[in-house]
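Structural features, examined
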Amino acid sequence: MATDLAIRVEPGGMADLPDVMVAMADAFDPQYGEAWTEAQCAGILGMAGSWLLVARSGADPAGFALLRTVADEAELLLIAVRNRYRRQGVARALLAQAIGDAAADGVATLHLEVRDGNPAAELYRGLGFVQIGMRRGYYRGRSGKVFDALTFKKRLDVN
Ligand SMILES: CC(C)(COP(=O)(O)OP(=O)(O)OC[C@H]1O[C@@H](n2cnc3c(N)ncnc32)[C@H](O)[C@@H]1OP(=O)(O)O)[C@@H](O)C(=O)NCCC(=O)NCCS
């Protein structure tokens, strides 16, 4: 899928983790404890049903989405876009590709959680995700402070 930035969104694998970590380091504020280590990403990617999408501008990593499917349910585990590529539709393109791929695979529902207060919630609401709950103290930040998570879902098997 291409955005108006000529960004390509393509399936990724273990070999793409260095590019994923470039985006991870750039995108997440460490104070909130949302980012994953490369070992955590590799651990999930090695599990059945996990999949990665990587967005690039030429060879330059712009962002990624990491997901996992179990039966007919999928979860968006992480999505991140580097600062210099923000608000140009990269995350929307990653999610459109993820939603299309998941629906084609028979996934009925896509779930995610996001830190309460993270503006990414606006991205999800704009794509038709609805909030279904809250998890108290889900994220633990660098200083030990905890942050609540909002849980969202989107039905893919209905229009
Ligand atoms: C959230 C994030 C992935 C959005 O990436 P992006 O490529 O800038 O998003 P898009 O350009 O595709 O935005 C699509 C729409 O989402 C909404 N949106 C995106 N970022 C927003 C923000 N910071 N504030 C409010 N709305 C936002 C807007 O409606 C936007 O459309 P618009 O630009 O036409 O108004 C990016 O800001 C990021 O990497 N954040 C840090 C990591 C993170 O928190 N990830 C989510 C939790 S895993």
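A brief report on the enclosed structure follows. Counting from 1, residues in each chain are numbered in the order their sequence is written. The predicted nature of this model means local features are confined to residues of pLDDT at least 70 and side-chain atom pairs, given and counted, to a pLDDT of 80 or more, with totals for whole chains, interfaces and linings taken over all residues. For the side-chain quantities, the full set of heavy atoms in the structure was used; hydrogens and water were omitted.

**A short note on helix α3 (residues 90-104)**
Only DSSP runs of H or I with at least four residues qualify as helices, and only runs of E with at least two residues qualify as strands; both kinds are numbered from the N terminus onward. Multiplying 1.5 Å by the residue count of a helix minus one yields the expected span of that helix. Over its 15 residues, α3 runs 21 Å from end to end, which matches the ideal 21 Å to within 8%, given 1.5 Å per residue. Within the span of α3, buried status applies to V90, A91, A93, L94, L95, Q97, A98, I99 and A102. Immediately beyond the C-terminal end of α3, within one or two residues, lies G106, with a positive phi of roughly 90°. Remark: exposure states derive from per-residue accessible area (1.4 Å probe, protein chains only) relative to the maximum for the residue type, with buried under 20%, exposed over 50%, and partly exposed in between.

**Focus: the site of the ligand**
Near is defined per residue: the residue qualifies when any heavy atom it owns lies within 4 Å of the molecule or strand. As a matter of local geometry, the ligand sits amid 19 residues, with I79, V81, R87, G89 and N118 nearest to it. Residues adjacent in sequence count toward polar contacts only when both atoms are side-chain atoms; beyond that, a polar contact is any pair of N or O atoms within 3.5 Å, and within protein one must be able to donate a hydrogen and the other to accept it. In this structure, an oxygen atom belonging to the ligand sits 2.7 Å away from a main-chain N or O atom of V81. Contact between the ligand and R87: an oxygen atom at 2.8 Å from a main-chain N or O atom of the residue. Expressed as a share of its isolated accessible area of 910 Å², the protein-covered part of the ligand is 78%. Taken together, the elements giving at least two residues each to the shell around the ligand come down to β4 (73-81), α3 and α4 (120-126). Using a 1.4 Å probe, accessible areas were evaluated by the Shrake-Rupley method; residue-level cover was limited to the displayed protein chains.

**Some remarks on helix α2 (residues 38-45)**
C41, I44 and L45 are the residues of α2 that are buried. One side of α2 carries all its buried residues, which in axial view fall inside an arc of 100°. In this description, contact between two residues means that some pair of their heavy atoms is separated by no more than 4.5 Å. Residues of α2 that are buried sit in contact with α1 (17-27), β2 (50-57), β3 (60-70) and β4. Throughout, the arc means that of the directions going from the helix axis to the C-beta atoms.

**Quick notes on the environment of A93**
Position of A93 among the secondary structure elements: in helix α3. As for A93 and T37, which are separated by 56 residues in sequence, their C-alpha atoms are 24 Å apart.

**Overview of the packing of aromatic side chains**
Any Phe, Tyr or Trp ring, taking Trp's six-membered ring, that has another such ring centre within 6.5 Å forms a pair; planes under 30 degrees apart are called stacked, those over 60 apart edge-to-face, and the others tilted. A full pass over the atoms with the stated rule returns 4 aromatic pairs. Look at Y124 and F129: their rings are 5.9 Å apart centre to centre, the planes differ by 65°, and that puts the pair in the edge-to-face class. Each of the two residues, Y124 as well as F129, counts as buried. Ring centres of Y138 and Y139 lie 5.0 Å apart, and the angle between their planes is 85°; on these two criteria the pair is classed as edge-to-face. Y139 sits in the buried class, given a relative accessible area of 11%. Aromatic rings pair up to connect Y124, F129 and F152 into one cluster. If you follow R115 out to its NZ or CZ, it ends over the ring of Y32, 3.4 Å from the centre. Think of it as a cone above the ring: NZ of Lys or CZ of Arg counts as a charge over the ring if it is within 6 Å of the ring centre and within 35 degrees of the ring normal.

**Some thoughts on the side chain of K154**
Relative to the helices and strands, K154 is located in strand β7 (residues 146-155). All tallies of charge rest on Lys and Arg as positive and Asp and Glu as negative; His and the ends of each chain are not included. The salt bridge criterion pairs a side-chain nitrogen of Lys or Arg with a carboxyl oxygen of Asp or Glu, the two atoms within 4 Å. Within the buried set, K154 has no salt-bridge partner at all; the shortest N-O distance to an opposite charge, 9.8 Å, is to D157. Of the polar contacts made by the side chain of K154, one reaches the backbone oxygen of L127; its length is 2.9 Å. Those residues in contact with K154 that sit more than four places away from it in its chain are I99, A108, T109, L110, L127, G128 and F129.

Any functional reading would require information beyond the geometric quantities listed.
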